[in-house]
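Chain residues, written in single-letter form:
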Amino acid sequence: MTSGIERQQHKGKFLCLRKADSAIGAALCAIGALAASSIASGHSWQSTVPLAFSVFLLAIAVVFGMRAGIIGSVLAALVFAAFLFSPIGSMRVSSEAARSNLGWMLLIGVAFSFLFAPPTSGFRRH
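The structure contained in this document is the topic of the report that follows. All values reported here derive from a predicted model rather than from experimental measurement.

What counts and how
The numbering scheme is per chain: residues are counted from 1 as the chain's sequence reads. Selection of residues for local features in this predicted model requires a pLDDT of at least 70, selection of side-chain atom pairs for listing and counting requires 80 or more, and totals for whole chains, interfaces and linings are taken over all residues. Note that the side-chain values use all heavy atoms of the structure and ignore hydrogens as well as water. The way it works is that DSSP assigns letters per residue, a run of H or I at least four long becomes a helix, a run of E at least two long becomes a strand, and they are numbered from the N terminus. For a helix, the expected span equals 1.5 Å multiplied by the number of residues minus one. Whether a residue is buried, partly exposed or exposed follows from its accessible area with a 1.4 Å probe, protein chains only, as a fraction of its type maximum: under 20%, in between, or over 50%, in that order. In this context, the arc is that of the directions from the helix axis out to the C-beta atoms. We call two residues in contact whenever any of their non-hydrogen atoms come within 4.5 Å of each other. Under this scheme, a helix contributes an axis fitted over its contacting stretch, all axes are lines through C-alpha atoms, and angles between N-to-C directions fall in the 0 to 180 degree range. These descriptions rest on fixed angle ranges, namely under 35 degrees for roughly parallel, over 145 for roughly antiparallel, 65 to 115 for roughly perpendicular, and the rest for oblique. Take the far helix as your reference; a near helix turned counterclockwise from it by less than a right angle gives a left-handed crossing, and one turned clockwise gives a right-handed crossing. Gly counts as polar in this scheme, as do all residues outside two lists: the nonpolar Ala, Val, Leu, Ile, Met, Phe, Trp, Tyr, Cys and Pro, and the charged Asp, Glu, Lys and Arg.

1. Notes on helix 4 (residues 96–116)
Consideration 1: Taking 1.5 Å as the rise per residue, helix 4 with 21 residues should run 30 Å; its terminal C-alpha atoms sit 29 Å apart, in good agreement.
Consideration 2: Among the residues of helix 4, Ala 98, Asn 101, Leu 102, Met 105, Gly 109 and Ser 113 are the ones counted as buried. Seen from one end, helix 4 has its buried residues packed into an arc of 105 degrees, which puts them on one side. Across helix 4 from its buried face, at more than 90 degrees, point the exposed residues Glu 96, Phe 114 and Leu 115.
Consideration 3: If you follow the buried residues of helix 4, they end up packed against helix 2 (49–64) and helix 3 (66–83).

This is the structure in structure tokens:
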């Protein structure tokens, strides 16, 4: 039989692991966005990259949980705005098509994370 203190310690450890899973998932989204930006930079199809990246965001959300999907969507949008679209290095995006696709990626990533992703990571579900 476990005491209340042991249960509380277990719960605290579980919350730390859940936050770590969210951070790992969000970091993977940022790294994936950087990789996609470097691959697509200068190509005619670079404005469609955020829409295709939505599939990756959904996979991260399913594996690492809702919080990772939401934070990862925001981080990916910031990375694409800064490193893929002109002016490079700025959060301002001059192309209307690119801005629209970034908006759609954010909408899809956040909404699907809330609707379809589990609240916790697949690694830590009990």
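2. As for the packing of helix 2 against helix 4
Consideration 1: In the contact formed by helix 2 and helix 4, the axes pass within 9 Å of each other and the chain directions differ by 20 degrees. Classed by the angle they form, the pair helix 2 and helix 4 counts as roughly parallel. By crossing handedness, the relation of helix 2 to helix 4 is classed as right-handed. Each of Pro 50, Leu 51, Phe 53, Ser 54, Leu 57, Leu 58 and Ala 61 in helix 2 lies in contact with helix 4, whose residues at this interface are Asn 101, Leu 102, Trp 104, Met 105, Ile 108, Phe 112 and Ser 113.
Consideration 2: Its residues assigned to classes, the contact of helix 2 with helix 4 comprises eleven nonpolar, three polar and no charged.

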